[in-house]
Amino acid sequence: MKKKIILAYSGGLDTTAIIPWLKENQDCEVIAVCVDVGQAADWKTIQKRAMSTGASACYIEDVKKEYVEEYVWPALKAGAVYEDKYLLGTSTARPLIAKVLVDYARKEKATAVAHGATGKGNDQVRFDLGIMALAPDLEIIAPWRVWKIKSREDAIRYLKRRKINIPFNKRNSYSMDDNLWHISHEGLELEDPANEPQFRKMLSMIVTPEKAPNKAEYVEIEFDKGIPVGLNGKKMEGVQLINALNKIGGANGIGICDLVENRVVGMKSRGVYETPGGTILYYAHQELEHLCLDRQTYSFKQQVSLKLGELIYGGLWFTPLREALSAFVDSVQGTVTGKVKVKLYKGSIGSAGAVSPYSLYNTSLASFTTGDLYNHADAKGFIKLYGLPVLVRSLMQKEKGIAKPASSSSSTGTAKKKTASKAKTTKRK
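Remember, it's a predicted structure, so these values are computed and weren't measured experimentally.

S.K.: Honestly, the packing of aromatic side chains in this entry has me stumped. Any pointers?
M.R.: Given two aromatic rings, one states the distance between the centres and the angle between the planes to describe the pair. Applying the stated criterion to the full structure yields 10 aromatic pairs. Measuring from ring centre to ring centre gives 5.7 Å for Trp21 and Trp147, while their planes differ by 90°; the resulting arrangement is edge-to-face. Of the two residues, Trp21 sits in helix H1 (residues 13-26) while Trp147 sits in the loop between strand S5 (139-141) and helix H6 (152-161), which places them 126 residues apart along the sequence. Given a relative accessible area of 11%, Trp21 falls into the buried group. Of the residues examined, Trp147 reaches a relative accessible area of 4% and is grouped as buried. With centroids separated by 6.4 Å and ring planes inclined at 50°, the aromatic side chains of Trp181 and Tyr282 adopt a geometry described as tilted. Of this pair, Trp181 sits in the loop between strand S6 (175-178) and strand S7 (183-186) while Tyr282 sits in helix H9 (residues 276-292), and the two are 101 residues apart along the sequence. Of the aromatic side chains, those joined through ring pairs into one cluster are Tyr82, Tyr86, Tyr273 and Tyr313. The ring of Tyr158 has Arg162 lying over it, and the distance from NZ or CZ to the ring centre is 3.6 Å.

S.K.: What's the story with helix H14 (residues 388-400) in this structure? I'm lost.
M.R.: Note that an α-helix has 3.6 residues per turn; residues three or four places apart therefore point the same way. For H14, built from 13 residues, the straight-helix expectation of 18 Å at 1.5 Å per residue is met to within 8% by its first-to-last C-alpha distance of 18 Å. Downstream of H14 by a residue or two, Gly401 has a phi angle that is positive, lying close to 70°.

S.K.: Help me understand the side chain of Ser91, please; the structure alone is not making it clear to me.
M.R.: Relative to the elements of secondary structure, Ser91 occurs in helix H4 (residues 89-108). A polar atom in the side chain of Ser91 sits 3.1 Å from the side chain of Arg126. Apart from the residues lying within four places of it in its own chain, the contact partners of Ser91 are Tyr86, Arg126, Ile312 and Tyr313.

S.K.: How should the pattern of salt bridges be read in this particular structure?
M.R.: Pairing is possible between side chains of opposite charge, provided their charged atoms come close. Tallied over the entire structure, the rule returns 21 salt bridges. Two residues, Asp103 and Lys99, come together in a salt bridge whose shortest N-O distance is 3.8 Å. Within this pair, Asp103 and its partner Lys99 are both found in helix H4, separated by 4 residues, close to a single helical turn. For Asp258, the salt bridge identified is with Arg270, shortest N-O distance 2.9 Å. One end of the pair, Asp258, is in strand S11 (residues 256-262); the other, Arg270, is in strand S12 (residues 268-274), and 12 residues separate them in sequence.

S.K.: What's the story with the sheet that holds S12 in this structure? I'm lost.
M.R.: Either a parallel or an antiparallel arrangement is found when strands of a sheet pair, and the pairing is made through backbone hydrogen bonds. Ordered by their spatial adjacency, 4 strands build an open sheet running S6-S7-S12-S11, and the pairing between neighbours is antiparallel. Each edge of the open sheet is held by one strand with a lone partner, namely S6 and S11. Adjacent strand axes in the sheet meet at a mean angle of 25°, parallel and antiparallel pairs treated alike.

S.K.: Explanation requested: unusual backbone geometry in the structure shown.
M.R.: Comment: phi is negative for the bulk of residues other than glycine, and the bulk of peptide bonds are trans. Its identity is not glycine, yet Asp27 carries a phi of approximately 45°, on the positive side. Judged by its relative accessible area of 51%, Asp27 falls in the exposed class. Positive phi, close to 50°, is recorded for Glu83, a residue that is not glycine. Note that Glu83 resides in the loop between helix H3 (64-78) and H4. A residue is classified by how much of its surface remains accessible, and Glu83, at 27% relative accessible area, is partly exposed.

S.K.: Looking at this structure, I do not really get helix H5 (residues 123-134). What am I missing?
M.R.: With 12 residues, H5 should reach 16 Å at 1.5 Å per residue; the first-to-last C-alpha distance of 17 Å fits that figure. Elements that come into contact with the buried residues of H5 comprise H4, strand S4 (112-114), S5 and helix H10 (295-313).

S.K.: What is the right way to look at the sheet that holds strand S2 (residues 28-36) in this model?
M.R.: In spatial order, the strands read S3-S2-S1-S4-S5; together these 5 strands make up an open sheet with parallel pairing. Two strands bound the open sheet, and with one partner strand each, they are strand S3 (57-62) and S5. Taking each pair of neighbouring strands and ignoring which way they run, the sheet shows an average axis angle of 25°. Set on the sheet, H4 makes contact with strand S1 (3-8), S2, S3 and S4; between it and S1 the angle comes to about 155°.

S.K.: So what exactly am I meant to see when it comes to the pairing of strand S8 (residues 217-224) here?
M.R.: As paired elements, S8 and strand S13 (residues 338-345) share 7 bridges and run antiparallel to each other. Opposite Glu222, over in S13, you have Lys339 as the bridge partner. The pairing of S8 with strand S9 (residues 227-231) spans 4 bridges and is antiparallel. Looking at the pairing, Phe223 lines up with Pro228 of S9.

S.K.: In this structure, what is going on with the nonpolar core? I would like to understand it.
M.R.: Across soluble globular proteins, nonpolar side chains have a tendency to be buried as a group. Membership of the largest hydrophobic core comes to 74 residues, with the highest contact counts inside it found for Ile6, Trp181, Ile221 and Leu281. Take this core: its biggest share by element is 9 residues, from H4. Ignoring anything within four residues of it in the chain, the contact list for Ile221 reads Pro228, Gly230, Leu231, Leu245, Ile280, Leu281, Ala284, Gly338, Lys339 and Val340. Counting 31 residues, the second-largest nonpolar core is a separate cluster that includes Ile19, Ala55, Cys58 and Ile156.

Quick notes on the rules
All chains use their own residue numbering, which begins from 1 and follows the written sequence. Thresholds applied to this predicted model are a pLDDT of at least 70 for local features of residues and 80 or more for the giving and counting of side-chain atom pairs; totals over whole chains, interfaces and linings are not thresholded and use all residues. Side-chain descriptors were evaluated using all non-hydrogen atoms of the structure, hydrogens and water having been removed beforehand. When the centres of two rings from Phe, Tyr and Trp lie within 6.5 Å, Trp using its six-membered ring, the rings pair. Their planes under 30 degrees apart give stacked, over 60 give edge-to-face, and anything left gives tilted. Runs of H or I in DSSP of at least four residues are treated as helices and runs of E of at least two as strands, each being numbered from the N terminus. Relative accessibility thresholds used throughout: buried, under 20% of the residue-type maximum; exposed, over 50%; partly exposed, between the two (1.4 Å probe, protein chains only). Here, a charge over a ring means that NZ of Lys or CZ of Arg falls within 6 Å of the ring centre while also lying within 35 degrees of the ring normal. The span you would expect from a helix comes to 1.5 Å times its residue count less one. Counting of polar contacts relies on pairs of N or O atoms within 3.5 Å, with two restrictions inside protein: one atom must be capable of donating a hydrogen and the other of accepting it, and residues adjacent in sequence are counted only when both atoms are side-chain atoms. By definition, residues are in contact when any of their heavy atoms lie within 4.5 Å. Salt bridges, as used here, are contacts in which a Lys or Arg side-chain nitrogen is within 4 Å of a carboxyl oxygen on Asp or Glu. Whether two strands pair depends on DSSP finding at least two bridges between them. To obtain each axis, a line is fitted to C-alpha atoms, and for helices this fit is confined to the stretch in contact; angles are then taken between N-to-C directions over 0 to 180 degrees. We define a nonpolar core as any set of buried Ala, Val, Leu, Ile, Met, Phe, Trp, Tyr and Cys residues linked to one another through side-chain atoms lying within 4.5 Å.

By themselves these figures say nothing about function.
Here is the structure:
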């Protein structure tokens, strides 16, 4: 009985070349699995391509709902962002794809899983770690790490020699990854950080801010325990809501990210990400948290957000720490319920008001007019106790005769005086 290998199949050049390569080098049966996380794809054509290239079967698994509810929403609730910009579009999808591959490996009694991630990228880490966490017994095959094909041109020639005709052309095409949450672009002029991105020929979901309407658009998003549940007064489930916001955000030039990032494998790379709906949701969710979370909780959650962004980016979804941090996030999202209105205009987002039954904003306390809950005279005692360490240190310095360091502004002033004095002396000479 031939060895069975499950292949994560996208229908692209790399994974199409992998099918005959596996059969030739592993003497195996290749079962292609396409995981639908909302990417723009002609699944019938892709399925036909896999079969014509040598796969014994090609399955299409629609997991868009699971992707949003079990992977995107946890990242959103956490406010997880990588290196201040990247909203983890590819990173959140990979662990789910790994999970689906393992599920099919069990169903088909396969002994190995293969993927088309390159030896330089992050995805090899995410796929490998996901599979290792869920099925440590399965062999992982990553052809890009072992085969002699070194470029897309090599892959095209490889397929042509085997009389496999495919509509792929390296020229004038970016390396792209897309799903319901985002589209990423790499390659061409982006490989030189000194170059300005050619947005007009690159962007798929978003118009450039210059081409966006001259009139602002207002959007209201409703949240329940940190999860978006409504748009402009209409209840919506996750997939529908993200699709709707992608169109709105894209039309207003929202969600373009140009980032030189640190890959897991150690090198820097540059990518342009389109995340129109996600950018709006992250902004609105944070506005609601500002209204509903106390200072200490919000401060600590910022640290959790940073760590979760690093974990998700690095493929460590199925780990105790990620699960524990997500549990913390869930515990503080109970009051993040309400509605947020945002203003979209030519690539920018602004707050246009937020309301919540759990709002911690108290008008009596915040108003310049003194209310019953606040006595101005109480501030003196508070400040004295709050600043006690400052006072004690200052008294000690005075007692010991320790000179206090000059402030940066006074140092600058002294330096200027010395320079001016020196200049006068020079003139006298």
